[in-house]
Amino acid sequence: MNDETIDQAQAGELRDKLADELAAAGHIKSAQVDRAFRTVDRHAFVPAGTPLEVT
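This report concerns the structure included in the present document.

Definitions and cut-offs
- Residues numbered from 1 in each chain as written.
- Predicted model: local features only at pLDDT ≥ 70, side-chain atom pairs only at ≥ 80, totals over all residues.
- Heavy atoms only, no water.
- Salt bridge = Lys/Arg side-chain N within 4 Å of Asp/Glu carboxyl O.
- Helix = DSSP H or I, 4+ residues; strand = E, 2+ residues; numbered from the N terminus.
- Buried < 20%, exposed > 50% of the residue type's maximum accessible area, 1.4 Å probe, protein only.

**Quick look at the pattern of salt bridges**
Scanning all chains against the criterion turns up 5 salt bridges. For the salt bridge of Asp16 with Arg38, the shortest nitrogen-to-oxygen distance reads 3.3 Å. On the criterion of sequence distance, the pair formed by Asp16 in helix H1 (residues 3-24) and Arg38 in helix H2 (residues 31-39) is long-range, its members being 22 residues apart. The class for Asp16 is partly exposed, based on a relative accessible area of 32%. When its relative accessible area of 24% is taken as the criterion, Arg38 is described as partly exposed. Counted as one network, the salt bridges with shared partners bring together Asp16, Asp20, Asp34 and Arg38.

What follows is the structure in structure tokens.
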């Protein structure tokens, strides 16, 4: 396993955690939005070097 693989795994865990929190709070109301939160790589839309925990 390399750093990129670890980062991708961590990014997936963080996406799932955010989606779970938003769903529990009632902010995610459809399966399509839930799937988007769980699959879109948010870190691709922030400046390089931004820690995953911030994205």
